[in-house]
Amino acid sequence: MFTTSTICILISVVVYLLGMLAIGIVYSKNSNSEDFYLGGRKLGPIVTAMSTEASDMSAYLLMGVPGLAFFCGVAEAGWTAIGLAVGTYLNWLIVAKRLRQYSAKINAITVPDFLAQRFRDNTKLIETIGAIVVIVFFVPYTASGFAACGKLFNSLFGFDYMTSMIISAAVIVAYCATGGFMAASVTSLIQSIVMTLALIVVLIFGINVSGGWDAVIANAREIPGYLSFTSSTNIYAASAGKYSTFMIASTLAWGLGYFGMPHILLHFMAIGDENKLKISRRVGSIWVVISLSVAVVIGVIGYSMAKAGALAMPATEAEAENMIVNVSALLSSYGILPAIVAGLIIAGILAATMSTADAQLLAAASGVTHNILTNVFGIKLSDKKTMTIARLTVVFVAVLGVIFASDPNSSIFRVVSFAWAGFGATFGPVMLLGLFWKRCNKWGAMSGMLAGGLMVFVWKYLIAPLGGVLAIYELLPAFIISSIVIVVVSLLTPAPGKEITDEFESVGVTA
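Residues numbered from 1 in each chain as written. Predicted model: local features only at pLDDT ≥ 70, side-chain atom pairs only at ≥ 80, totals over all residues. Heavy atoms only, no water.

Participant: Let's hear about unusual backbone geometry: which residues, and what values?
Facilitator: Backbone geometry at Asn 107 places phi at a positive 60°, although glycine is not the residue there. Locating Asn 107 in the fold gives a position in the loop between helix 5 (74–105) and helix 6 (111–118). For Asn 107, a relative accessible area of 52% puts it in the exposed group. Of note, the phi angle at Lys 124 is positive, near 70°, even though the residue is not glycine. Within the secondary structure, Lys 124 is located in the loop between helix 6 and helix 7 (125–157). By relative accessible area, which is 32% here, Lys 124 ends up partly exposed. (Helix = DSSP H or I, 4+ residues; strand = E, 2+ residues; numbered from the N terminus. Buried < 20%, exposed > 50% of the residue type's maximum accessible area, 1.4 Å probe, protein only.)

Participant: So what about the confidence of the model for the protein? Which residues, and what values?
Facilitator: Within the protein, residue pLDDT values average 83, and 85% of them lie at 70 or more. Taking the mean pLDDT of every element in the protein, the minimum, 47, falls on helix 2 (residues 33–38) and the maximum, 96, on helix 19 (residues 475–492). Across residues 31–40 the pLDDT falls below 50, and counting only partners more than four positions away or on other chains, this stretch makes 42 contacts in the model. (pLDDT = per-residue confidence, 0-100. Contact = heavy atoms within 4.5 Å.)

Participant: Could you give an account of a nonpolar patch on the surface, naming the residues involved and the relevant values?
Facilitator: Judged by side-chain polarity, Ile 82, Val 86, Tyr 89, Leu 90, Leu 93, Ile 94, Phe 229, Leu 252 and Phe 436 come together as a nonpolar surface patch covering roughly 710 Å² of accessible area. Of note, Phe 436 is situated in helix 17 (residues 412–436). (Patch = residues over 30% accessible without salt bridge, like charges linked within 9 Å, V, L, I, M, F, W, Y side chains within 5 Å. Areas by Shrake-Rupley, 256 points an atom, 1.4 Å probe, with all protein chains shown as cover. Salt bridge = Lys/Arg side-chain N within 4 Å of Asp/Glu carboxyl O.)

Participant: Describe the nonpolar core, naming the residues involved and giving the relevant values.
Facilitator: With 144 residues, the main nonpolar core has Leu 115 and Trp 420 as its most contacted residues. The element best represented in this core is helix 7, accounting for 17 residues. (Core = buried A, V, L, I, M, F, W, Y, C linked by side-chain atoms within 4.5 Å.)

Participant: Hey, could you go over the pattern of salt bridges for me, with residue numbers and the actual values?
Facilitator: With the rule as written, the count across this model stands at five salt bridges. Across the pair Glu 505 and Lys 438 runs a salt bridge, and its minimum N-O distance is 2.5 Å. With Glu 505 in helix 20 (residues 498–506) and Lys 438 in the loop between helix 17 and helix 18 (442–463), this residue pair connects regions lying 67 residues apart in the sequence. The exposure class assigned to Glu 505 is partly exposed, which follows from its relative accessible area of 46%.

Participant: Explain the side chain of Ser 482 to me, and be specific about the residues and the numbers.
Facilitator: Looking at where Ser 482 falls in the secondary structure, it is placed in helix 19. Note on Ser 482: relative accessible area 0%, which makes it buried. Apart from residues lying up to four places away in sequence, Ser 482 is in contact with Ala 425, Pro 429, Gly 448, Met 449 and Gly 452.

Participant: With reference to specific residues and values, describe the packing of helix 6 against helix 7.
Facilitator: Put simply, helix 6 and helix 7 touch, their axes get as near as 8 Å, and they point 165° apart. Classified by the angle between their axes, helix 6 and helix 7 sit roughly antiparallel to one another. In the packing of helix 6 onto helix 7, the handedness of the crossing is right-handed. Across the interface between the two elements, Pro 112, Asp 113, Leu 115 and Ala 116 from helix 6 touch Ile 126, Glu 127, Gly 130, Ala 131 and Val 134 from helix 7. Across the contact of helix 6 with helix 7, the residue classes tally to six nonpolar, one polar and two charged. (Axes fitted to C-alpha atoms, helices over the stretch in contact; angles between N-to-C directions. Parallel < 35°, antiparallel > 145°, perpendicular 65-115°, else oblique. Left-handed = near helix turned anticlockwise from the far one by under 90°. Nonpolar A, V, L, I, M, F, W, Y, C, P; charged D, E, K, R; others polar.)

Participant: Please provide a residue-by-residue account of helix 12 (residues 277–307), values included.
Facilitator: Between the first and last C-alpha of helix 12 there are 46 Å, a value that for 31 residues agrees with the 45 Å anticipated at 1.5 Å per step. Downstream of helix 12 by a residue or two, Gly 309 has a phi angle that is positive, lying close to 85°. (Expected span 1.5 Å × (residues − 1).)

So this is what it looks like as structure tokens:
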């Protein structure tokens, strides 16, 4: 039975979704595949900054991070936020400009395409490995976003989880497949604004309902180690454990993932004016620091809201991830205007999900059409056919994502962390060494990519369960091993030819 408040929320959400679809239609006239995948390399500095960071900050910003902080305290959520903030800044500072210059020089429009051309890989193995990794890890990553939508509508309106997820996925696919990269980028800019407003509203409302900031801190201090960055705990713990130096280092390693995120790197490749990157770096980095900090604080506030009886105390971390959804429901009970504001918060969660999912779907589509069909198998396709297949791929990956996310009890944060590790370890080391180490060759690149990707699985499922100092985030050891393999194999095999080294040295040099 719908109440006035739920109707107001639904109206806000429907208006938002229709707006996203309208943008897709506006940008539907892509003239070629480069327009579809990179927006013709015409992104301005502000759109570049905010669309890049919005496509990064998936549902874990408004559900995963607050839920983790709510249930487990500030240690893991806080160190993750710090690692991501540092990684964001360094990625803009180190990678963005040179990748834009290098990719434009060799006319590469995807990450696997860039690596294959950078190393002149005539075996096609680098491109094949890269495209497969993009598809394999983007399915669970995209699934985490769809799961967020399903949880949102199920907990707020009582809608069926699967039905809600399918409808949300259909909207994302519709504007993404229609408008391509420019539609995804413009919607991501808008979505970053909506996400920011949602965080601000929840922060202010939550403190007020909790009885003030002093009450928030007093309640948090009742739980052993809850506010400590060196303690491991949860809201039901009688005593706190130690959040070790190894665990801190591995959690900070989230920042390493940025160097290998295809959907973020694609935004760097699409920059219109590389000389305005300083603006993008500052805007993007400041937004990430503020938004992640607020997300962690909101999680801490959530516990006080539960203590005050405004929210139910969650039994699991997965339940805690519904915190902001439940805050929206509470806010909507205060009248029509608050209900409309609650709709804005729900739109913020959808924005966090959609801004990432659309970028991921485009990256996966490029992996199938441009990398596998065109470059690996040598199938000649017109731009029209290329974009048709790309759009079908978007639909296919979305379907797989919906299937993967069929379990409503899965943790969004944990799913994202695994996919993040897969991309970071596979593409991060080879991207950094490929951009800045002239001696790096194709044999080192493909060996490192394989080692990094495989080690993510090996460490997570075979080594980390052994416990002790080995129970760390799989990205850190996988990233280190991949880097070592690239260097060792490159030094043990023939050096790159003169054509490759001359091209390497010419990047960024103006006539």
